[in-house]
Amino acid sequence: MTHIIKNNTLEVAIDTPLENYKGSRFDWSGKISSIKFENLPLTTVEDTESKNIDFLGKGLFNEFGINSPLGFEETPMGGWFHKIGVGLIKKEHKEYLFHRNHLIKPAHFDITCEDQKIIIVCKSKPVNGYSYVLKKEITISENSFTINYLLHNTGEKKIVTDEYVHNFMAINNALIGEDYTLKFPFPINPSLFDETVNSENKVEIGLDNITFNKTPEKQFFFSNLTGGKELEAEWALTNLKANLGIKEIGNFKTNKINLWGWGHVISPELFFKISVDPKKTIEWSRKFEVFKINS
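Residues numbered from 1 in each chain as written. Predicted model: local features only at pLDDT ≥ 70, side-chain atom pairs only at ≥ 80, totals over all residues. Heavy atoms only, no water.

**Q** How do you make sense of the overall build of the chain when you look at a structure like this?
**A** Looking only at helices and strands, the chain has zero helices and 24 strands in total. Taken against the 2.2 N^0.38 rule, which gives 19 Å for 295 residues, the C-alpha radius of gyration of the chain at 19 Å falls within 12% of a compact globule. Overall, the chain is about 50 × 45 × 35 Å in size when its C-alpha atoms are taken along their principal axes. A burial count over the chain gives 50% of its 295 residues as buried. Pairs at least 24 apart in sequence give 64% of the contacts found in the chain among residues at least 6 apart. (Helix = DSSP H or I, 4+ residues; strand = E, 2+ residues; numbered from the N terminus. Rg over C-alpha atoms; globule rule 2.2 N^0.38 Å. Buried < 20%, exposed > 50% of the residue type's maximum accessible area, 1.4 Å probe, protein only. Contact = heavy atoms within 4.5 Å.)

The following block contains the structure:
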């Protein structure tokens, strides 16, 4: 069932691991399905037209290893590899594509629920020399909430992967357009992007921000906004009409930021590089803070 942590202004809904979303892409531990501030929604869904909602993203969904999950390359065809936070995935294709729906053997999950906190622990089986324990703690405080991560390598091989949150943002369900500004704490250089998809030219790149001259009808995408540099892991999205903003701050440096969106949604993504030796642990956190623009 969905667990809600809330206070007087903020409400965060978290779907428990075996409820609702059942896809092989996004981490099942701590699926934040929606956020509300003073009863106004701040998040939306991946595709408003799709009926296949249990296999698509929404809210703030996590993912580990978007391009190559743990052990995929060394797994033989027909074997099983790890998708961190989900379980074991069957290898049925030579190339891994995140949007495919794969056969899944779910990991083991332990859940602890409190009024303003939820703790979900994901324990994997040992396969191909890899195993891990992932602990995710989501805690609410005034106008913010924090996701604390702990990844313990219980296997024989080094874990090398990455992690990000696919933030499906839409402040008060407003369409993406002239009222929105997405700001970063560093200069943006489009010539350093790995990929640019902006076929309608409705997305405008500023010195340190991204704005919109109209509502996009087609999907847009920009990869590697940092240009490969290690920079502050932070973004802030504001909507003038709603007089609201939300920002994400990671306690780490990021060397990769992607941006995806559509007419109804915008998703800035801060990637965190993970490298953890056997029997070692790595920890990191992401804080999401809601603020009023003119206060």
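**Q** Any chance you could explain unusual backbone geometry here in plain terms?
**A** For residues that are not glycine, phi is negative in most cases, and the peptide bond is trans in most cases. Phi is positive for Glu-38, which is not a glycine, with a value near 50°. Along the chain, Glu-38 turns up in the loop between strand 3 (31–37) and strand 4 (40–41). Accessibility expressed as a relative area gives 41% for Glu-38, which makes it partly exposed. For Glu-142, which is not a glycine, the phi torsion comes out positive at approximately 50°. If you trace the backbone, Glu-142 turns up in the loop between strand 11 (132–141) and strand 12 (144–153). By relative accessible area, which is 63% here, Glu-142 ends up exposed.

**Q** Help me understand empty space enclosed by the protein in this model?
**A** Rolled over the atoms, a probe with the dimensions of a water molecule shows which regions are left empty. If you walk through the whole model with that rule in mind, you get two cavities of 30 Å³ or more. Volume-wise, the largest cavity comes out at about 40 Å³. If you go around the largest cavity, the residues you meet are Asn-198, Ser-199, Glu-200, Asn-201, Lys-202, Val-203, Pro-216, Lys-218, Gln-219 and Phe-220. Residue composition of the lining of the largest cavity, grouped by class: three nonpolar, four polar and three charged. Partitioned by chemical class, the residues of the lining of the second largest cavity number four nonpolar, three polar and one charged. (1 Å grid on protein atoms, 1.4 Å probe; cavity = no way out; pocket = protein on both sides within 12 Å on 5 of 7 lines; lining within 4 Å. Points joined across faces, edges and corners; volume = space filled by probe spheres on them. Nonpolar A, V, L, I, M, F, W, Y, C, P; charged D, E, K, R; others polar.)

**Q** Got a minute to help me understand the pattern of salt bridges in this structure?
**A** Opposite charge on two side chains permits them to pair, given that their charged atoms come into close proximity. The full count for this structure, using the stated rule, is 15 salt bridges. For Glu-38, the salt bridge goes to Lys-292, with nearest N and O atoms at 3.3 Å. Here the residue Glu-38 occupies a position in the loop between strand 3 and strand 4, and Lys-292 occupies one in strand 24 (residues 281–292), the gap between them amounting to 254 residues. For Lys-292, a relative accessible area of 36% puts it in the partly exposed group. Residues Glu-232 and Lys-253 are paired through a salt bridge, measuring 3.8 Å at the closest nitrogen-oxygen approach. (Salt bridge = Lys/Arg side-chain N within 4 Å of Asp/Glu carboxyl O.)

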